[in-house]
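Residue-level listing of the chains:
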Amino acid sequence: MCAALPTQSNDFPAWYGDVVRRAGLAEHAPVRGAMVIKPYGFAIWEAIQRELDDRIKATGHENFYLPLFVPMSVLAQEGDLVEGFAPEVAVVTEAGGKKLDEPLAVRPTSEAVIWSTYARWVQSYRDLPLLYNQWANAVRWELRPRLFLRTSEFLWQEGHTAHETEEEAVAETLTILHDVYADTLENVLAIPVLRGRKSESERFPGAVDTYTLEALMRDGKALQTATSHYLGQGFARAFGVRYTGRDGSDQYPYATSWGATTRLVGGVVMAHGDDRGLRLPPRVAPHQVVIVPIVRQDDRAAVLEAAGAIAEDLRAAGVRVRVDDRPDHRAGFKFNEWELKGVPLRIEIGGRDLAAGTVTVARRDTG
RNA sequence: CGGGGAGUGGCGCAGUCUGGUAGCGCACCCGGCUGGGGGCCGGGCGGUCGCAGGUUCAAAUCCUGUCUCCCCGACCA
């Protein structure tokens, strides 16, 4: 195993890349800007996903799923959207060995497919609101990719809602910002955020207002961790989503969209990590406690049994525990490895502890 | 797109200036000793040096072209 990491103060980008790779979160894939998310990294994402999904559902939304491909003609129906995403859209021009009659965009975001679908779903004010979310991947050919923070393909959730009134849509935008995103960031990921509104030039293409959460990373830079857009009636008009209102007249619904991505994993790394590696918030740590049995040949069985018993007790209490009984590594190696991987709490138990009826406990966060 | 850097066993690198047919650390495999902070000893497996041309008796090394990746900036979740 290699020696120490680059330090944050010397070279933060090198530190970041090294931690992501050596902690087993992700690695580069053969395609430019694409990444392989490894099991340990994906487990963190799954935990974040669960927390976000619970809150999305608690605020009244349902999940659905729409296709990866968007016909170019559909994407083009909303002018700002095509224009805004044109530089980073990947397009499929050939399939089944033939040139396609119409090129297909790989979704950079799903407003277009979704609103062309909503056109069929909204006929009356009685059909509103539509409060839907999807967990999906999206592709944006960004100029400068970075693991988790900006990858060509990323995973996210994107919510797309339709409302009868502007007030209701704006309220939705803010509910998501506060009750879903800020709550997850602060209370699950332990990352304080500033809630803000984007300037006109930074707004999502086609949006009336874009709200954002900005979080401070340990290199002193801010990271945009989630966005919630109030879209007004632009998308409804562009995609012909009209319904009969309470007074019998034609109306356009008001829209919102909002998203949070795998970037959040990178945010956790950069907001909490130190020169020894990751420090994971317990709520999203794949292993909240690791037990390292310290064994010799003569006390191996007894120590492992004691370690197993502690693990069972903790599991019964709802704690995610890993007993590191790998015989091929010594204790010191494991200490370093689990610190690199950011496990919040380590319990060491050996022959001496057994005799004394104690264990040794080390917290990762106080390093 | 502008500015840097780099492509050599799985990973990280040296060798390139001063051509002579590949080396180191880690990892991996086998054996033994060890076992409370990244153990030690011995023995192994594994690469023709991004790609394509060219020069030469001989190219990782020189020449030409080309592709890719990483970092910084602008753009972005």
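Residues numbered from 1 in each chain as written. Chains lettered and ligands numbered in written order. Predicted model: local features only at pLDDT ≥ 70, side-chain atom pairs only at ≥ 80, totals over all residues. Heavy atoms only, no water.

### A short note on the overall build of chain A
What counts is decided by this rule: In this description a helix means any DSSP run of H or I spanning at least four residues, a strand means any run of E spanning at least two, and both kinds are numbered starting from the N terminus. A 1.4 Å probe rolled over the protein chains alone gives each residue an accessible area, and that area as a share of the maximum for its type sets the label: buried under 20%, exposed over 50%, partly exposed in between. Throughout, the Shrake-Rupley method with a 1.4 Å probe supplies accessible areas, and for residues the shown protein chains are the sole cover considered. In this count, Lys and Arg are taken as positive residues and Asp and Glu as negative ones, while His and the chain termini are left out. Working definition for charges: the position is that of NZ of Lys, CZ of Arg, CG of Asp or CD of Glu.
Each helix and strand counted, chain A has eleven helices and 18 strands in total. Projected onto the principal axes, the alpha-carbon positions of chain A cover approximately 85 × 45 × 40 Å. Put simply, chain A has 367 residues, and 50% of those count as buried. Entry remark: accessible area of chain A is about 17300 Å², with carbon and sulfur atoms responsible for 51%. Of the charged side chains in chain A, 42 are positive and 50 negative; the average position of the first set lies 6 Å away from that of the second.

### What about the nonpolar core?
Counted only if it meets this: In plain words, nonpolar cores are sets of buried Ala, Val, Leu, Ile, Met, Phe, Trp, Tyr and Cys residues tied together by side-chain atoms within 4.5 Å. By the convention used here, residues are in contact when the closest approach between their heavy atoms is within 4.5 Å.
With 55 residues, the main nonpolar core has Leu25, Ile48, Tyr181 and Leu189 as its most contacted residues. Looking at this core, the element that brings in the most residues is helix 2 (residues 39-58), giving seven residues. The contact partners of Ile48, leaving out residues within four places of it in the chain, are Leu189, Leu264, Val265 and Val284. Grouped together as the second largest cluster of nonpolar side chains are 29 residues, Phe85, Ala112, Tyr125 and Val241 included.

### Looking at the sheet that holds strand 6 (residues 98-106)
Operational definition: Two strands pair under a simple rule: DSSP has to find at least two bridges between them. Axis definition: a line fitted to C-alpha atoms, limited for helices to the stretch in contact. Angles are taken between N-to-C directions and run from 0 to 180 degrees.
The three strands lie next to each other as 4-6-5, forming an open sheet whose pairing is antiparallel. One side of each edge strand has no neighbouring strand; the edge strands of this open sheet are strand 4 (69-71) and strand 5 (90-95). When the angles between neighbouring strand axes are averaged without regard to direction, this sheet yields 45°.

### A short note on the protein's contact with RNA strand B
Just so we agree on the cut-off: One heavy atom within 4 Å of a molecule or strand makes the whole residue count as near it. Distance and chemistry together define a polar contact, namely a pair of N or O atoms within 3.5 Å, with one atom able to donate a hydrogen and the other to accept it when in protein, and with adjacent residues in sequence counting only for side-chain atoms on both sides.
Residues in contact with RNA strand B amount to 42 residues; listed here are only the nearest, Arg32, Arg144, Arg263, Arg346 and Asp353. The contact in question runs from a phosphate oxygen of RNA strand B to an N or O atom on the side chain of His28, over 3.3 Å. Note that a base oxygen of RNA strand B is positioned 3.5 Å from one of the backbone N or O atoms of Gly350. When residues of the surface near RNA strand B are traced back to their parent elements, those giving at least two are strand 11 (222-232), helix 10 (331-340), strand 17 (345-350) and helix 11 (351-356). If one sorts the elements of the surface near RNA strand B by residue count, helix 10 sits on top with six residues.

### Some thoughts on the sheet that holds strand 8 (residues 153-163)
Pairing is mixed across the open sheet formed by seven strands, whose spatial order is 3-7-8-14-11-10-9. The open sheet has two edge strands, strand 3 (62-63) and strand 9 (193-197), and neither has a second partner. Two strands pair when backbone bridges link them, and strand 9 and strand 10 (residues 209-216) are joined in this way by five bridges, in the antiparallel orientation. Residue Leu194 lies in a different strand from strand 10, and its bridge partner there is Glu214.

### So, the packing of aromatic side chains
Worth spelling out the cut-off: Two rings from Phe, Tyr or Trp (for Trp, the six-membered ring) form a pair when their centres sit within 6.5 Å of each other. Planes less than 30 degrees apart are called stacked, planes more than 60 degrees apart edge-to-face, and all others tilted.
On inspection of all chains with the given rule, the structure shows eleven aromatic pairs. A centroid spacing of 6.3 Å and a plane angle of 55° characterise the contact between Phe64 and Trp121, whose relative ring orientation is tilted. Note that Phe64 is positioned in the loop between strand 3 and strand 4 and Trp121 in helix 5 (residues 111-121), a separation of 57 residues in sequence. Judged by its relative accessible area of 17%, Phe64 is buried. Residue Trp121 is classed as partly exposed on the basis of its relative accessible area of 38%. Aromatic side chains Trp115 and Tyr118 sit 5.1 Å apart centroid to centroid with 70° between the ring planes, which places their arrangement in the edge-to-face category. Here Trp115 pairs with Tyr118, and both are found in helix 5, just three residues apart, close to one helical turn. The same class applies to Trp115 as to Tyr118, namely buried. Within the aromatic cluster, the residues linked to one another by ring pairs are Phe64, Trp115, Tyr118, Trp121 and Tyr132.

### Some words on the confidence of the model for chain A
The predicted coordinates ought not to be read in detail in places where the model reports low pLDDT. As a reminder of what qualifies: Confidence scores per residue from the predictor, reported as pLDDT, run from 0 to 100.
Averaged over all residues, the pLDDT of chain A equals 93, while 99% of them reach at least 70. The complex model carries a pTM of 0.95, and its ipTM stands at 0.87.

### Focus on the pairing of strand 14 (residues 254-261)
Strand 14 sits mainly inside the fold: eight of its eight residues count as buried. Burial along strand 14 is two-sided: the face carrying Tyr254, Thr256, Trp258 and Ala260 and the face carrying Ala255, Ser257, Gly259 and Thr261 are both buried. Two strands pair when backbone bridges link them, and strand 11 and strand 14 are joined in this way by five bridges, in the antiparallel orientation. In the strand pairing of strand 14, Thr227 is matched with Gly259.

### Some words on the pairing of strand 11
Every other side chain in a regular strand lies on the same face of the sheet, so the side chains alternate between the two faces. In terms of residue burial, strand 11 counts as a mostly covered element, since nine of its eleven residues are buried. Across eight bridges, strand 10 lies against strand 11 in antiparallel orientation. Residue pairing across strands places Thr212 opposite Thr227, the latter belonging to strand 11. With antiparallel pairing between neighbouring strands as the criterion, strand 10 and strand 11 make up a hairpin whose turn holds five residues, including Gly220 at a positive phi of roughly 90°.

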